[in-house]
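# Fold and contact review
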Amino acid sequence: MNLLIMGPPGAGKGTQAGGIADHYNIPTISTGQLFRDNIALGTALGKKIEALIAGGNLVSDEVTNEMVFDRLSKPDVRKSRGFLLDGYPRTLEQAAAFDKHLRAARMRLDGVVALTADPNSLTHRMLKRAEIEGRADDNEETIRKRIEVYGIETAPLLDLYGKRGLLIEVDADGSVEDVADRIRWALDARLGRK
Ligand SMILES: Nc1ncnc2c1ncn2[C@@H]1O[C@H](COP(=O)(O)OP(=O)(O)O)[C@@H](O)[C@H]1O
Ligand SMILES: [Mg+2]
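The shown structure was predicted, so the numbers you read here are calculated from the model rather than taken from an experiment.

Right, let's get into the pairing of strand β1 (residues 2-6). In terms of burial, β1 is largely enclosed, as five of its five residues are buried. Along β1, one buried face is formed by Asn-2, Leu-4 and Met-6 and the opposite face, lined by Leu-3 and Ile-5, is buried too. The pairing of β1 with strand β3 (residues 83-86) spans four bridges and is classified as parallel. Looking across to β3, one finds that Leu-4 is bridged to Leu-85. Examined bridge by bridge, β1 and strand β4 (residues 111-116) share four bridges and lie parallel to one another. Looking across to β4, one finds that Ile-5 is bridged to Val-113.

Here we come to the confidence of the model for the protein. The predicted model of the protein averages 94 in pLDDT, with 99% of residues at 70 or higher. This complex was scored by the predictor with a pTM of 0.91 and an ipTM of 0.83.

Turning our eyes to something else, we now look at the sheet that holds strand β2 (residues 28-30). With parallel pairing, five strands are arranged side by side in an open sheet as β2-β3-β1-β4-β5. The open sheet has two edge strands with one neighbour each: β2 and β5 (167-171). Going across the sheet, the axis of each strand differs from the next one's by a mean of 20°, ignoring polarity.

For the rest of this paragraph, the subject is the UniProt feature "binding site: AMP" (unreviewed entry) in the protein. When the UniProt feature table is mapped onto this chain, "binding site: AMP" (unreviewed entry) is found at Thr-31, Arg-36, Asn-57, Leu-58, Val-59, Gly-87, Tyr-88, Pro-89, Arg-90, Gln-94, Arg-135 and Arg-146. Spatially, the listed residues are scattered: they cover 116 residues, and their C-alpha atoms lie as much as 24.6 Å apart. As for its placement among the helices and strands, Thr-31 is situated in helix α2 (residues 31-41). Discounting chain neighbours no more than four positions away, the residues touching Thr-31 are Thr-64, Met-67, Val-68, Asp-86, Gly-87, Tyr-88 and Arg-90.

Our next topic: the packing of helix α6 (residues 92-104) against helix α9 (residues 156-163). Where α6 meets α9, the axes come as close as 9 Å, and the angle between the chain directions of the two elements is 35°. Residues Leu-92, Ala-95 and Phe-98 of α6 lie in contact with α9, whose contacting residues are Pro-156, Leu-157, Leu-160 and Tyr-161.

One can find Asp-138 in the loop between α7 (119-133) and α8 (140-154). On the basis of relative accessible area, Asp-138 is assigned to the buried category, the value being 4%. A distance of 2.8 Å separates polar atoms of two side chains, one belonging to Asp-138 and the other to Arg-129. Dropping the residues within four chain positions of it, Asp-138 is found in contact with Met-126, Leu-127, Arg-129, Ala-130, Ile-143 and Arg-146.

Attention shifts here to the site of ligand 1. In the vicinity of ligand 1 lie 19 residues, with Thr-31, Asn-57, Gly-87, Gln-94 and Arg-146 positioned nearest. In the model, a nitrogen atom of ligand 1 is placed 3.0 Å from a nitrogen or oxygen of the Val-59 main chain. Relative to its unbound accessible area of 560 Å², ligand 1 is 97% covered by the protein chains. When residues of the shell around ligand 1 are assigned to their parent elements, the largest contribution, four residues, is made by α2.

You can see Asp-188 is positioned in helix α10 (residues 176-191). Using a relative accessible area of 17% as the deciding quantity, one classes Asp-188 as buried. When sequence neighbours within four positions are dropped, the list of residues in contact with Asp-188 reads His-23, Tyr-24 and Arg-193.

Of all the residues in α2, the buried ones are Thr-31, Phe-35 and Asn-38. Considered in projection along α2, the buried side chains sweep an arc of 60° and stay on one side of the axis. For α2, exposure combined with an orientation more than 90 degrees from the buried face picks out Ala-40 and Leu-41.

How each quantity is defined
- Starting afresh in each chain, residues are numbered from 1 along the sequence in its written order.
- Just so you know, chain letters begin at A and ligand numbers begin at 1, following the order they were written in.
- It should be noted that, the model being predicted, local features are given only for residues of pLDDT at least 70 and side-chain atom pairs only at 80 or more, the latter also being counted only at that level, while totals for whole chains, interfaces and linings use all residues.
- Values shown for side chains rest on all heavy atoms present in the structure; no hydrogens or waters enter the calculation.
- Buried, partly exposed and exposed residues are distinguished by accessible area as a fraction of the type maximum, computed with a 1.4 Å probe on protein chains only: under 20%, between the cut-offs, and over 50%, respectively.
- Put simply, DSSP marks the helices as runs of H or I at least four residues long and the strands as runs of E at least two long, and each gets a number from the N terminus on.
- In this description, strands pair whenever DSSP reports at least two bridges between them.
- Per residue, pLDDT captures the predictor's confidence, and it can take any value from 0 to 100.
- The convention used is that axes are lines fitted to C-alpha atoms, helices contributing only their stretch in contact, and that angles between N-to-C directions extend from 0 to 180 degrees.
- UniProt positions are given in the numbering used here, feature names are shortened, and annotations may be inferred rather than shown by experiment.
- By definition, residues are in contact when any of their heavy atoms lie within 4.5 Å.
- In the analysis that follows, any N or O atom pair within 3.5 Å is treated as a polar contact, provided that within protein one partner can donate a hydrogen and the other can accept it, and provided that, for residues neighboring in sequence, both atoms belong to side chains.
- Consider each residue's heavy atoms; a residue with any of them within 4 Å of a molecule or strand counts as near.
- All accessible-area figures derive from a Shrake-Rupley calculation using a 1.4 Å probe, and residue coverage is judged against the displayed protein chains alone.
- Directions from the helix axis toward the C-beta atoms define the arc.

Rendered as structure tokens:
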């Protein structure tokens, strides 16, 4: 099963990804997490992207594509014959490069879980997360920037996947458990149980 999870910053992609990945027994690949790992480890990539991410900007398409394609070639993805991508693609350019990559690898997308949420509750959630996780990009100014970047760069992808009939929209307001139930129900209805 090859899936994406999309939605605005703070919608709960990372939180909900685990449940979906468990459900289908596939690894989650989170670009945000991969970038944060690189920053924490002080890799060359990490040094290049640290300031960018702290400012709420996107990492370049080229760097992001390369990191994702490399990750998709790892044995766990091959063995489980699937993946759940969280945070990718995030621009139309990334989506085009991803299409090409999938075609070359003879893979195709099965579905795109799109979390929808009220913008006010997003900011509120992220400020709460900032207190718990202390993410460098969870302050009010950066959050505003990230929501803005999402609207400009990433929201157009919803149209693209919608036209292909891949979109599985789920309301992300409510408790973690409620949203998880909604996602599971929507996936089973749409893609069948595994
Ligand atoms: N596909 C991507 N392209 C470019 N930058 C990305 C991508 N994915 C993540 N990033 C960078 O990592 C940051 C954190 O990502 P993420 O943890 O997915 O945030 P959230 O889940 O709150 O939207 C983003 O604000 C961006 O700077
Ligand atoms: Mg996230």
